[in-house]
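A closer look at the structure
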Amino acid sequence: MAYHTLRHEYMKMPPVTRAYTTACVITTVAVQLDVVSPFQLYFNPLLILKQFQVWRLITTFLFFGNIGFNFLFNMIFTYRYCRMLEEGSFRSRTADFVMMFLFGATLMIIWAFFINLLFLGQALTIMLVYIWSRRNPYIRMNFFGVLNFQAPYLPWVLLGFSILLGNTPWVDLMGIAVGHCYYYLEDVLPQHRANLKILKTPLFLKHLLDPAPEEDHVPPPEFRPGGFNWGGNAAEIPPEGRQNE
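Residues numbered from 1 in each chain as written. Predicted model: local features only at pLDDT ≥ 70, side-chain atom pairs only at ≥ 80, totals over all residues. Heavy atoms only, no water.

Each helix and strand counted, the chain has 11 helices and 2 strands in total. When the helices and strands of the chain are listed from N to C terminus, the series reads α-α-α-α-α-α-α-β-β-α-α-α-α. Of all 245 residues assigned to the chain, the portion counted as buried reaches 41%. In the chain, the share of contacts with a sequence separation of at least 24, taken over all contacts with a separation of at least 6, comes to 62%. Surface exposure of the chain reaches about 15300 Å², of which carbon and sulfur atoms provide 64%. (Helix = DSSP H or I, 4+ residues; strand = E, 2+ residues; numbered from the N terminus. Buried < 20%, exposed > 50% of the residue type's maximum accessible area, 1.4 Å probe, protein only. Contact = heavy atoms within 4.5 Å. Areas by Shrake-Rupley, 256 points an atom, 1.4 Å probe, with all protein chains shown as cover.)

This is the structure we're talking about:
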């Protein structure tokens, strides 16, 4: 019974959230079981360019460290804000949501060539939190029952908490910067420049990921009472039909 309940809840997760969080958990478990080593996963420009270890462009976003408080903390925030974005402002727009991931990951990788950062998963989490917080500015937040603030301050609270835990601030700052770049290009710029939209989701992604819009269903004549064009315009009903009504 518990298995079926867990499976049902898992399948209820939106697809991008389910895929990303599952990949993160599987990667971490694989490292914990010594199936793979973190040295095979971290971002290394030399190994990517010279030895073509291109998988590092992906695995750098999937490993949050060994299973412990830091891993659980990051996974909870990743799952929560990824799901709220996908079910909120990106509802029925899976292709646009994937495009947001691709934009953020690409920008982080470019910056990582100049900043010595090994794993970028936490930066991606902060990016998700930042975008959600800017799109929900009036929601009141409570952090561990101690701090009360509005949503736009959440990324900065997480930055301060990360510093208190002894982590480098550059990962969170990168996530905030990339999140702001996306928010500005997607939400701010079009409002000030006559609907100028720089970030455009490729059509192949839309065809691949977004469901086709449902066409208006017209029931067959035998299911239309009286044989009239129910739901059609009055101008389409012949004059004699109007008189009979």
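On to the pattern of salt bridges, then. Side chains that differ in charge, positive against negative, can pair when their charged atoms come close. As enumerated under the stated definition, the model contains 6 salt bridges in all. A salt bridge links Arg83 to Glu87, with the shortest nitrogen-to-oxygen separation between them at 3.0 Å. Note that Arg83 and Glu87 are positioned in helix α5 (residues 69-87) at a spacing of 4 residues, about one turn of the helix. Here Glu186 and Lys197 are joined by a salt bridge, their closest N and O atoms 2.6 Å apart. On the criterion of sequence distance, the pair formed by Glu186 in helix α9 (residues 169-192) and Lys197 in the loop between α9 and α10 (203-209) is long-range, its members being 11 residues apart. Using a relative accessible area of 14% as the deciding quantity, one classes Glu186 as buried. Connected via shared salt-bridge partners are Arg93, Asp96 and Lys206. (Salt bridge = Lys/Arg side-chain N within 4 Å of Asp/Glu carboxyl O.)

Taken together, the side chains of Leu49, Ile110, Phe113, Phe114, Ile115, Trp156, Trp170 and Leu173 make up a nonpolar region of the molecular surface, amounting to roughly 850 Å² of accessible area. When you line up the elements, Leu49 lands in helix α3 (residues 45-50). (Patch = residues over 30% accessible without salt bridge, like charges linked within 9 Å, V, L, I, M, F, W, Y side chains within 5 Å.)

Applying the stated rule across the entire model yields 12 aromatic pairs. A centroid spacing of 5.4 Å and a plane angle of 75 degrees characterise the contact between Phe143 and Phe161, whose relative ring orientation is edge-to-face. Of the two residues, Phe143 is situated in strand β1 (residues 140-143) and Phe161 in helix α8 (residues 154-164); the sequence distance between them amounts to 18 residues. Across the pair, Phe161 and Phe143 agree in class, each one buried. (Phe/Tyr/Trp six-rings, centres within 6.5 Å; stacked < 30°, edge-to-face > 60°.)

Let us now look at the pairing of β1. A regular strand carries its side chains on alternate faces of the sheet. Judged by which residues are buried, β1 turns out to be one-sided: Met141 and Phe143 face inward and are buried, whereas Arg140 and Asn142, on the alternate face, are not. Both β1 and strand β2 (residues 147-150) contribute to a ladder of 4 bridges, which runs antiparallel. Bridge pairing in β2 places Met141 opposite Phe149. Here β1 folds back onto β2 in antiparallel fashion, the turn holding 3 residues, of which Phe144 has a positive phi close to 55 degrees. (Pairing = 2+ DSSP bridges.)

Moving on, we get to the UniProt feature "transmembrane region" (unreviewed entry) in the chain. Mapped onto this structure's residue numbering, the UniProt feature "transmembrane region" (unreviewed entry) falls at residues 20-43, 55-79, 100-133 and 153-185. Measuring from the first to the last C-alpha atom of residues 153-185 gives 20 Å, for a span that is 85% helix and 0% strand. (UniProt positions renumbered as here; feature names shortened; annotations may be inferred.)

The next thing to look at is helix α2 (residues 15-32). Taking 1.5 Å per residue as the helical rise, α2 with its 18 residues ought to reach 26 Å, and the 26 Å between its terminal C-alpha atoms agrees with that figure. At the exit of α2 stands Asp34, carrying a positive phi of roughly 65 degrees. (Expected span 1.5 Å × (residues − 1).)

By size, the foremost hydrophobic cluster in this structure holds 55 residues, and its most contacted members are Met100, Phe101 and Met108. Every element with two or more residues in this core is listed here: α2, α5, α6 (94-112), α7 (121-135), β1, α8 and α9. Other than its neighbours up to four places away in sequence, Met108 contacts Phe61, Leu120, Ala123, Leu124, Met127, Met174, Gly175 and Val178. (Core = buried A, V, L, I, M, F, W, Y, C linked by side-chain atoms within 4.5 Å.)

Our next topic: α9. Over its 24 residues, α9 runs 32 Å from end to end, which matches the ideal 34 Å to within 8%, given 1.5 Å per residue. The sharpest bend along α9 comes to roughly 40 degrees, located at Tyr184. Of the residues flanking the end of α9, it is Ala194, one or two places downstream, whose phi is positive at about 50 degrees. (Bend = angle between axes of the 7 residues up to and from the residue.)

You will see that Asp34, though not glycine, has its phi angle at about 65 degrees, which is positive. Mapped onto the fold, Asp34 is located in the loop between α2 and α3. Exposure remark for Asp34: the relative accessible area of 66% places this residue in the exposed category. Unlike most non-glycine residues, Phe52 shows phi in positive territory, near 55 degrees. Classification of Phe52 as exposed rests on a relative accessible area of 63%.

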